[in-house]
Each structure stands twice: as C-alpha cells, then as structure tokens.
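# Coordinates in review
What follows is each chain in one-letter form.
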Amino acid sequence: MLTGGLTRFRFTQSAIDTEAARRELLDSGAGGYVSFEGWVRDHNEGLEVTRLEYEAFVELAVKEGDRIVADALRRFPVKHALCIHRVGALDLRDMAVWVGVSAVHRGEAFDACRFIIDEVKHRVPIWKKEHYRNGDSGWVNCERCAAAPRHDHDDGDVHHHAAVPALQK
Amino acid sequence: MNDSDAAPVYGLILAGGSSTRMQRDKAALRYLGKSQLDRAFELASRHLPRVFVSVRAGQAADPTRAQHPLIVDSVAGEGPIVGIRSALAAFPTAAWLVMACDLPFLSAAALSQLLRERDTAGLATAYRSVHDGLPEPLCAIWEPAAAAALAAYQETGGSCPRKFLIRSAARLIEPDDPRALDNVNTPEEYAEALAALEPIAAAECKQLKIQYYALMREQAGRSEETLDSSAATPSDLYDELTARHGFTLSRNQVKVAVNGDFSDWSRPLRAGDAVVFIPPVAGG
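Every chain's residues receive numbers from 1 upward, in the order its sequence appears when written. Whichever chain is written first is A, and whichever ligand is written first is 1; the rest continue in order. The predicted origin of the model limits local features to residues at a pLDDT of at least 70 and limits the giving and counting of side-chain atom pairs to 80 or more, whereas totals for whole chains, interfaces and linings rest on all residues.

### Digging into unusual backbone geometry
Residue and element names in this part refer to chain B. Unusually for a residue other than glycine, L32 sits at a positive phi of about 50 degrees. Helix and strand definitions follow DSSP, with helices as H or I runs of at least four residues and strands as E runs of at least two, each counted in order from the N terminus. Positionally, L32 belongs in the loop between β2 (30-31) and β3 (34-35). A positive phi angle, close to 55 degrees, is found at N259, a residue other than glycine. Here N259 shows up in the loop between β12 (255-258) and β13 (261-262).

### Concerning helix α5 (residues 146-155) of chain B
Think of an α-helix as 3.6 residues a turn; residues three or four steps apart then line up on the same face. All names here are of chain B. Three exposure classes are used, all based on how many other C-beta atoms lie within 10 Å of a residue's own C-beta (placed from the backbone): buried at 20 or more, exposed at 12 or fewer, and partly exposed between those limits. Taken residue by residue, α5 has A146, L150 and Y153 as its buried positions. One face of α5 carries all of its buried residues, which in axial projection span an arc of 60 degrees. In this structure, α5 carries A148, A152 and E155 as exposed residues pointing more than 90 degrees from its buried face. Note on contacts: residues are paired as contacts if their backbone-placed C-beta atoms lie within 7 Å. On its buried face, α5 sits against α3 (80-90), β7 (124-128), β8 (135-142) and α6 (161-167). G157 sits one or two residues past α5 and shows a positive phi near 100 degrees. Arc definition: it is the arc formed by the directions from the helix axis to the C-beta atoms.

### Topic: the nonpolar core
Buried Ala, Val, Leu, Ile, Met, Phe, Trp, Tyr and Cys residues whose C-beta atoms connect them within 7 Å together make up a nonpolar core. In terms of nonpolar packing, the biggest core is built from 60 residues, with A72, A81, V101, A112 and I116 of chain A touching the most fellow members. The element best represented in this core is helix α3 (residues 106-123) of chain A, accounting for seven residues. When neighbours within four sequence positions are excluded, A112 of chain A is seen to be in contact with A72, F76, V78, A81 and V101 of chain A. In this structure, A87, L88, W96 and A124 of chain B belong to the second largest nonpolar core, which totals 52 residues.

### With respect to α3 of chain B
Most of α3 of chain B sits out of view: nine of its 11 residues are buried. Residues of α3 of chain B that are buried include every one of P80, I81, V82, G83, I84, R85, S86, A87 and L88 of chain B, and no others.

### A closer look at the interface of chain A and chain B
Each partner contributes to the interface: chain A provides 26 residues, whereas chain B provides 17 residues. Listing elements by their share of the side of chain A that touches chain B, those giving two or more residues are α2 (58-75), β7 (95-103), α3 and β8 (126-132) of chain A. Each residue belonging to the side of chain A that touches chain B can be placed in one class, and the counts come to 15 nonpolar, four polar and seven charged. Here the nonpolar group is Ala, Val, Leu, Ile, Met, Phe, Trp, Tyr, Cys and Pro; Asp, Glu, Lys and Arg are the charged ones; every other residue, Gly included, is treated as polar.

Written as structure tokens, this is what we have:
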C-alpha cells in the first residue's frame, strides 16, 4: 500500500511532476491506471480569465484531502490513489490539480478518480482567485456568488462551481 | 502583608497522592484539554517566580510529572506533610504556596487573595474551609519558620497538616470564592467538575488566535490576529468579527475549524484556541 507516512494528498508550489506521481502508483497487481488533470482555462462565466491564484489552509487541507483519498480506497477496490494540488500563481494551460488511481480493473479506477476530484472540489479548504481581462478579479464561489445559494453542477473540469444566474458586477 | 523583608514565595504542587478513591491518578485527570497538574502549575506560575511539583521518590520518572521541576520527598514519613517539609528543606529561605492538585476550581483570584492576605510573621496563611470551618493546609502559604515546627510535630507522632495548623500560629482567611477549594476525589465529583467548568471557561475573556484566508483575509486586512474575546462559541466570534471587519459572507456560507480540524459552530471556545473561518472553497 502507498502509506509509510506519506500523505495521499499533497500541495506543490511548482509544476506537478505527473510522471513521478504516476510511478508512485505502480503495482504489479494493477491492470490499469486512470488520471485526471485540471487545467487553467481562459474563460469562466462569460469573463476572460488571464491567470489564477490558489491559496490553501494547508494544515487542514492536507488532513481533509488525505481523508478523501482514504475514503476512496475504502469505497472502491483500487490499489493506490494520490492527489496533488498546486498553490500560488498559475497561468493559462497550467495544471492546477492531478489525481491518479491504479487498480486491478479500469472500472474502479475511473470511479475512484472521479470520486476524489469531486470530493476535493467540495471539501478541501482551497481558494481560487481569478484575474480577468477587464482588470477585475474575484474569489470563486465567494464574491459574485456570495448572495446566491450554491447549486453545484458537475462538469468535471477546473472551473466547475456554483452557477450564477446573472453577474452582479 | 508582602513587606520587602518577607521570604519569596515559591509554588509547590502536591502530586504524590495515591488517588485511592478516584482509582485514577488525580494529577493526570484532564479538564478543558489539560491535565490538572499542568493547570495547577500554569496557574501558580502566573503568580510565583518558581514552581515545583512535589513527588514521592518512585514518581520522578512519571511522564505527567517529569516535565516539571520536581522536589522529591527527602524526609521520612507519608502524606502531604512530607512534601511540604521536603520543599522547606530544599529552599530554607523561601515560603511555599502549597497547592493540592485536585482543586480544579482554584482560580487566579483565589491565589491573589492568599498572597495579599499572607501573614509573614506567622507559620502559615490558610483558607478556612467553607464546609467545616477548619484550615485548608493544601491551599496555603507555609513560611520558612514552619520547617522546624513541622519537624517537631512529626517527631511527636503527628502527621496531619490540618491538625498542625489548628494548633499553630496560622492566619485563617475566608475565601472570596466559596467554590475555589472544592476538591475532586471520586469519579462522580470529576464528572460534576467537568460539567461545571466548561461554561465558566467559555464565558471568560480569553485569548484566541484567528487566521484568515482568501476573501476573508482581504476583508480583514490581515492573515491572522490574536485577540481577547468573550465569545463563547465560534458562532459568537464570527458575529463579533463580522462587526469589526465587515465580512460579506453570511455565517451559513462559512465553515469553521478550531485547532486544525473542522468544528461545530456551537463548540465552547477555550483560551488559546486557534480559529480559522473557511469561506466557500474552490479547489480543483
């Protein structure tokens, strides 16, 4: 098992080394591996995004992220799982988050990978500030959405978050 | 009564008892997140320049005790009188504020009163019990002159510090807080004390450390602050800080963490708690 004191959820200040992360999941009993990469996209809710900043409450985020991966290992019969998240300033096309799962069969690997990224988005104390072409910036889910109730819809990519009927700025 | 010629007062926490009725080590019983020994030690350290823990020879390596400066029993006999005499022997020019470690309600105010009303000319200054009117030898100041008198008392077969105080030139004072000296000897009394202490601690003004992230960090204009607050719960604290910093998020949009993990909004806050408010997250 991938334990030995290493947490199964980590932060990094620099580009995620997906090849090294993938190697941590290798297992001669695994018949396959699924990974998900979240990328910085150039638009969100009708605004042109130019760059992002991620900030985390690292102590609790690592604890909660590790609990999510442990949940996934309990729920799905997979071999290993790992999630790595960026913090700091990111540009368009940068990778914000990586999830990898190895398993005996592909089905469980897909399911566990989807479970981990969905839970991380909802539960881990990480915040994202978007900077827009028009000079504005805002904390996603906190400002334009502050007055609206949250109704999440899963589209599975980096900028999935609360839907807003109309922009308030 | 603290004239400049008076002996300095050191603290002695008695932790050598056998806790027979409690059936657990009373020094290690936890209140509000700390062992009673640590609570008593911290309380005494706020008032006194040096504080020691009194132990029997076999207890010096016990982990609850070993982290503090110790005075190991050095005179023959049994019971608290041995601990008091050993301290007087170790520092013959000091007076000792002796505290049992089963007094969870003992407060800074109670120690201040004892020090304020100290009689440096007598052998001791002790509280008079609100229950039986007799002196309380285990929350008392023992003067250096008591050393010889206690030795003589033990040589004639005496072993009870209360009886010693009844016969001696001890000043007895009335406690301002009648509950300050309630001791805890049984599991039932421990449960009652725990239930009584939580709300007292929660309502007190206490120092809290707050950390802010993301939108709330920008609105507060800082990433952390340490402040004194009488907020009993994180919910009260959020209201207090929203008034101060103008947070735009309502409480039901925010989560809270206390001491590194998610918490209920109604958990009682304690002195030293680290509180983090968590605006809506957006990882991934």
